[in-house]
Amino acid sequence: MADKQRTYFCIDMKTFYASVECAERGLNPFETNLAVVDETRGKNALCLAITPKMKAQGIRNRCRMSEIPKSIDFIRALPRMQLYIEYAADIYDLYLNYFDPQDIHVYSIDESFIDVTDYLGAYNTDAVSLAKKLMNEIEYKMRIPSTAGIGTNLYLAKIALDITAKHSKDHIGYLDEETYIKTLWNHRPITDFWQIAHGTAQRLEKYGIYDMERVAKAPSDLLYRIFGVNAELLIDHAWGREPCLMKDIKNYHSKSKSVSFSQVLPRDYSYEEAKLVMTEMVLNGCHEMMRRKVITNKVGIYVGYTYGERESTHGTKRMTVTTNLPSKITPYVEEIFEQTTDKQTPIRRLGIDFADVCDEGCEGYDLFTNFEEVEREKNRERVVLELSDKYGKNTILRGMNYMEGATQRERNTFIGGHRAGYDDKGRKS
C-alpha cells in the first residue's frame, strides 16, 4: 500500500522582531519605518529586523545601521528578546488549539513546520483555507503578519515559503514535486534554495551548474566527488524530494555533543581586553556544563578581527583532564589564545567550544591533581550556581566582571546575545 500523500505547512512571521515592536506601539509594519537595533553598539550596529516598509525602500534585512540612507527617518527600537519569546510562545499556543505537539516542529523563534495531513479531513477544509485561517488568527490576536508555504514534503513547504509565497498576493505558496520542477528548476540565484550556501554555489559554478535543473541532470558521480555523502541530499532536493518526516525530526538525537558560546564585542578590543572576555566565557561555559551535568576534555576557541582586517584565527586542545572546573580549563584556553591570536589587530568576535561533552560520571584527572582542592572548587561553584539560578545571574560576580571591557555582567541580562528588555530579576527595563 502506497504511503499517504502528506501536506506540510511552513509558517513564518514577517520581520518578526520589527512586527512585535510595531504591535507594541499600535503601528502597522507595512506603513512604519522601524528597525530593531541596539544603538549603543555604534553606527555599525546590526539591525536585527526592519519593517516591510523599509524593505520596500530597498534596504536589506539584517543591514547595519550605517547602511540605512540618512534621508530615511525611522524608529530605533532597542531589542527586547524576552518580549519576542513571549510572543512566539503565544503563537505556539495558538497552533496547539488546532494541532498536536507531535505534528509541530519549531524551526526558529519565528518559523514553524506543521504536518497538517490528518487535520484537513477532520476540519473538513483544504490546505490553503486552513493556512489562511491560521494566518488571519495570528494577525487578529497578535497583530503579527505572517507568510505560509504549503508542500507535499518538508523541503517543498520551506521552498514554497522562501520563494513562491513572496510572489503571491495572499502570501501563501504551494509546491508539489511537479510544480517545483515546472516553476523553480530554472530559478536563480541558486542560493535562494534552502541549505544552498554561497560556498556550495561557488563550487557548483566551477562545473557550469547555476540552477536546480542542472544539479538534477549533473552526473551523480561528479556531485559525490565534490560533496561526498552530502550530494545525496542535494540531488534529492534538486528533484523536490525529501524523505524526512515529522516523526523523524521528533526522534532525532544528535550523536555529537558540545557546549559553545560566541559574541560580537561592542567595539574593537585589544588583545588584553579580548583575553579578559575569553576568561569570562570560560567561566560561563563551565557553569553551563555544571547545569547540564556534563564534562569535557577538549576545548576550542575562535577569534574574529575587526571588519576586513584579516582572517579569523582559531585553535583546539585536548586536555589531560576531563572536567567542568574553571581552574582546570582556563589555562588551556589561555594557552590556545596566546598561541593563535594576532596581538596587533583589533578583535571584534569571540567564540568558545567545549567539545565531546559526556556525563559528569566520566570525570577524570591526572596524577598531580589535588583532589581536596577539586572538591572545594566543586562545592564553591555549585553554591554560586544555585544562588545565580535562584536570584539572578548577576547575584554573585567575580572581580574581573567589573574590569573595563568585561562583558559578562551585561550579557547576563541578554537572551541569545541580545537585550532581553528586562533586568535579570524579570522586571521590564
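Thresholds, definitions, all that
What you see as residue numbers is a count from 1 along each chain, following the sequence as written. With pLDDT at 70 or above as the cut-off, local features in this predicted model cover only qualifying residues; side-chain atom pairs require 80 or more to be listed or tallied, and sums for whole chains, interfaces and linings still use all residues. Side-chain measures here rest on the full set of heavy atoms in the structure, leaving out hydrogens and waters. Any Phe, Tyr or Trp ring, taking Trp's six-membered ring, that has another such ring centre within 6.5 Å forms a pair; planes under 30 degrees apart are called stacked, those over 60 apart edge-to-face, and the others tilted. Helix and strand definitions follow DSSP, with helices as H or I runs of at least four residues and strands as E runs of at least two, each counted in order from the N terminus. Burial classes: relative accessible area under 20% of the type maximum marks a residue as buried, over 50% as exposed, and values in between as partly exposed (1.4 Å probe, protein chains only). Two strands qualify as a pair provided that DSSP identifies no fewer than 2 bridges between them. Helix axes use the C-alpha atoms of the stretch in contact, all axes being lines fitted to C-alpha atoms, and the angles between their N-to-C directions lie in the range 0 to 180 degrees. Whether two residues are in contact is decided by their heavy atoms: any pair within 4.5 Å suffices.

Caption draft 1: Highlighting the packing of aromatic side chains. Considering all chains together, one arrives at 15 aromatic pairs under this definition. Ring geometry for Tyr-155 versus Tyr-180: centroids 5.9 Å apart, planes at 75°, classification edge-to-face. With Tyr-155 in helix H5 (residues 154-164) and Tyr-180 in helix H6 (residues 177-184), this pair connects stretches of sequence that are 25 residues apart. With relative accessibility at 0%, the residue Tyr-155 sits in the buried group. Seen in terms of ring centroids, Trp-185 and Trp-239 are 5.1 Å apart; in terms of plane orientation they differ by 65°. Their pairing is edge-to-face. With Trp-185 in the loop between H6 and helix H7 (198-205) and Trp-239 in the loop between helix H10 (230-238) and helix H11 (246-251), the pair connects residues that are 54 residues apart, well separated along the chain. The exposure class assigned to Trp-185 is buried, which follows from its relative accessible area of 9%.

Caption draft 2: Spatial organisation of the sheet that holds strand E1 (residues 8-13). Taken in spatial order, the five strands of this open sheet run E5-E6-E1-E7-E8, and their pairing is mixed. A single partner strand is all that each edge strand has here, and the edge strands are strand E5 (104-108) and strand E8 (172-175). Neighbour to neighbour, the strand axes of the sheet diverge by 15° on average, direction disregarded. Sheet topology note: the E1/strand E7 (residues 146-151) ladder contains six bridges and is antiparallel. In the strand pairing of E7, Ile-11 is matched with Ala-148. Helix-sheet contacts for helix H3 (residues 81-96) involve E1, E5 and strand E6 (111-115), and the interaxial angle to E5 is about 160°. Against the sheet, helix H4 (residues 127-142) engages E1, E7 and E8, with an angle of about 160° to E7.

Structural measurements only, silent on function.
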